[in-house]
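# Report on the structure
Spelled out from the first residue to the last, the chains are:
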Amino acid sequence: MLDFFRNISGPITMHLELTEACPERCRHCYNFVREPNYSFKNITKEDIDLFLDDFKSNGGFHVILTGGEPLLAFDKLLYAVEGVKRRGMSLSVNSSLMLATAEKMKTLKEAGVDHILSTLFSHDPHTHDFIASRTGSFNEIIKGINITRGAGIRVSINMIVTTVNETHVYETGKLLHSIGLNKFIANRMIPSTLNSNSLKNEFLITEEPARRMLDDLLRLNKEFGMTISSCRALPHCFLGDLDEHFAFTARGCNAGKRHLLVNCDGTARACVHEAETYGNVHEIGIKGVWENMGKWRRKDLLPKGCQECALMEICEGACRQIAEVVSSDWSGVDNLDKGPDGLRKYHRGVTNELVNFIKKEKFFVNPEIEFRKEDGCYLIRILGAKCVLIENHFADFLIKNQETQQTFALDDFPERNAEELGLYLVYDMVHSEQHTNIANSLIEQYRR
């Protein structure tokens, strides 16, 4: 299976900013530099249609509706949700949920919103409110989570980890589990060049707290069965045993390779944390800003050691923004980089047990996956923003079997390649006929 996203024809996911306004003023946010009298911009319905049409025409699959706080522009949020669904794309919403009401959440659910990603900084109200710069925000978010779940919308929680809350991951996850949430994501903070220099040391955690963060997530999974993840890029050489840390792998940098951000005024960024913009969609379209982001898809943006690493295509050198903050060089090293020496072989979930299972089982292609032809390969959209690249002959086999709905065995599969078929099973591109526990557990790991 290929992981080389550097030459794909267009973005997979668009983060669409509906408003810059937000009731919180989080210390780490790239918008924190705004003065209290800043005049916040809001998107128009005409621009929502323009941006969605342009994104769809360039092969886009998934839209993340975000802000600021999109619930502050509820009419635009609802209009965008309906527009995304009408164009046949998938969507999710990023919201603090502080402004959630039963009526608004019921309306969003009926419009097609089934998942919202929210943020909680700590189990401790004082710590959360300090980071959010808003007294009472902890209680407002907990209330909003309960209202949203009551409306039938699934909620996942993202915790941004800084030096202020680096010891709070386990207790925060435990609190969330106690109120019925099962998906918990913890990410180290990525400082923005837009942040004040005086705050950067507060934001950037080092090796010990980063390892504690991952250990605490694994502990939550083991003790409570929580689905855990860290969706910001981590150096895979830092993780050590990659099979043990399967939930945190294959999380290379998405900026300019899979994702782009379109601000409510049409300006585009590859990464929400960077200061640079790459043109305006009004003037040069999605295709134009994507071409301007070409530096993000160049191998020379990575440190030399990463360019020569066997896992380069999966890890992608981890976070370029952190490298720039730490070393003032986009091609510098991530502060958690350990170097390629001593890396263990990574099986990507394809164990000997799974290979033996594959040799005896029959499979069928997931009817929900979508295909996009690229230069020399195919892009396969699995679920939401989750995509992989595969070689043409494997894609041709999947397309044919998806159309005919035929079951197949390993002997029917190209090259009788058990490892490749195992990856497709792990990544939910194919399903086993018997839906055994081993297959289902591996699929669930990938969906983290």
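Residues numbered from 1 in each chain as written. Predicted model: local features only at pLDDT ≥ 70, side-chain atom pairs only at ≥ 80, totals over all residues. Heavy atoms only, no water.

### With respect to the pattern of salt bridges
Evaluated as defined, the whole model comprises 18 salt bridges. Where Lys295 meets Glu276, a salt bridge forms, and the shortest distance between an N and an O atom there is 3.0 Å. One end of the pair, Lys295, is in the loop between α10 (281-292) and α11 (304-307); the other, Glu276, is in the loop between β9 (268-269) and α10, and 19 residues separate them in sequence. Taking the relative accessible area as the measure of exposure, Lys295 reaches 15% and is therefore buried. Relative accessible area serves as the criterion here: at 36%, Glu276 is assigned to the partly exposed category. Of the charged contacts in the structure, one is a salt bridge between Glu370 and Arg381, with a shortest N-O distance of 2.4 Å. Of this pair, Glu370 sits in strand β11 (residues 370-374) while Arg381 sits in strand β12 (residues 377-383), placing them 11 residues apart in sequence. Relative accessible area serves as the criterion here: at 28%, Glu370 is assigned to the partly exposed category. A network of salt bridges, in which partner residues are shared, links Asp49, Asp53 and Arg87. (Salt bridge = Lys/Arg side-chain N within 4 Å of Asp/Glu carboxyl O. Helix = DSSP H or I, 4+ residues; strand = E, 2+ residues; numbered from the N terminus. Buried < 20%, exposed > 50% of the residue type's maximum accessible area, 1.4 Å probe, protein only.)

### Digging into the sheet that holds strand β4 (residues 115-119)
Consider a sheet: its strands pair through backbone hydrogen bonds, and that pairing is either parallel or antiparallel. Strand order across the open sheet formed by nine strands is β7-β6-β5-β4-β3-β2-β1-β8-β9, with mixed pairing between neighbours. The open sheet has two edge strands, β7 (227-229) and β9, and neither has a second partner. With four bridges connecting them, strand β2 (residues 62-66) and strand β3 (residues 90-94) associate as parallel partners. Note on β3: the bridge partner recorded for Val63 is Leu91. Set on the sheet, helix α1 (residues 45-57) makes contact with β1 (13-17), β2 and β8 (259-262); between it and β1 the angle comes to about 175°. (Pairing = 2+ DSSP bridges. Contact = heavy atoms within 4.5 Å. Axes fitted to C-alpha atoms, helices over the stretch in contact; angles between N-to-C directions.)

### Thoughts on α10
The end-to-end C-alpha distance of α10, which contains 12 residues, comes to just 11 Å, noticeably less than the 16 Å that a straight helix rising 1.5 Å per residue would cover. All buried positions along α10 are accounted for by Val281, Gly285, Ile286, Gly288, Val289 and Trp290. Contacts made by the buried residues of α10 are with β1, α1, β8 and β9. Of the residues that open α10, the one with a side-chain oxygen 2.8 Å from the backbone nitrogen of His282 is Asn280. (Expected span 1.5 Å × (residues − 1). Polar contact = N/O pair within 3.5 Å; in protein donor to acceptor, adjacent residues only side chain to side chain.)

### With respect to the environment of Thr267
Residue position: Thr267 is located in the loop between β8 and β9. In this structure the C-alpha to C-alpha distance between Thr267 and Glu415, which are 148 residues apart in sequence, comes to 46 Å. Excluding residues that lie within four positions of it along the chain, Thr267 makes contacts with Leu261, Val262, Gly279 and Asn280. Side-chain polar atoms of Thr267 contact the side chain of Asp265, separated by 2.8 Å.

### Structural notes on the packing of helix α6 (residues 169-178) against helix α8 (residues 207-224)
Viewed as axis vectors pointing N to C, α6 and α8 meet at an angle of 30°, and their least axial separation amounts to 8 Å. Considering their axes alone, α6 and α8 lie roughly parallel with respect to each other. The handedness of the crossing between α6 and α8 comes out as right-handed. Residues Val169, Tyr170, Gly173, Lys174 and His177 of α6 pack against Met213, Asp216, Leu217, Arg219, Leu220, Glu223 and Phe224 of α8. (Parallel < 35°, antiparallel > 145°, perpendicular 65-115°, else oblique. Left-handed = near helix turned anticlockwise from the far one by under 90°.)

### Some points on the environment of Glu202
Residue position: Glu202 is located in helix α7 (residues 200-203). Taking relative accessible area as the criterion, Glu202 reaches 17% and is therefore assigned buried. Once the C-alpha coordinates of Glu202 and Val169 are considered, the two residues, 33 residues apart in sequence, prove to be 17 Å apart. Filtering out sequence-adjacent residues up to four positions away, Glu202 remains in contact with Arg27, Thr162, Thr163 and Val164. Polar contacts involving the side chain of Glu202 include one to the side chain of Arg27, which spans 2.9 Å.

### Notes on the nonpolar core
Residues Met14, Leu16, Leu108, Ile390 and Met429 are the most contacted members of the largest nonpolar core, which totals 117 residues. In contact with Leu108, not counting residues within four places along its chain, are Leu71, Phe74, Leu77, Leu78, Val81, Val113 and Ile153. Listed in part, the seven residues of the second largest apolar core include Phe121, Ile131, Ala132 and Met189. (Core = buried A, V, L, I, M, F, W, Y, C linked by side-chain atoms within 4.5 Å.)

### Section: the packing of helix α2 (residues 74-86) against helix α3 (residues 102-111)
In the contact formed by α2 and α3, the axes pass within 9 Å of each other and the chain directions differ by 15°. Here α2 is positioned roughly parallel relative to α3, judged by the angle of their axes. Of the two elements, α2 crosses α3, and the hand of that crossing is right-handed. Of the residues in α3, those in contact with Phe74, Leu77, Leu78, Val81, Glu82 and Lys85 of α2 are Lys104, Thr107, Leu108 and Ala111. Residue composition of the contact of α2 with α3, by class: six nonpolar, one polar and three charged. (Nonpolar A, V, L, I, M, F, W, Y, C, P; charged D, E, K, R; others polar.)

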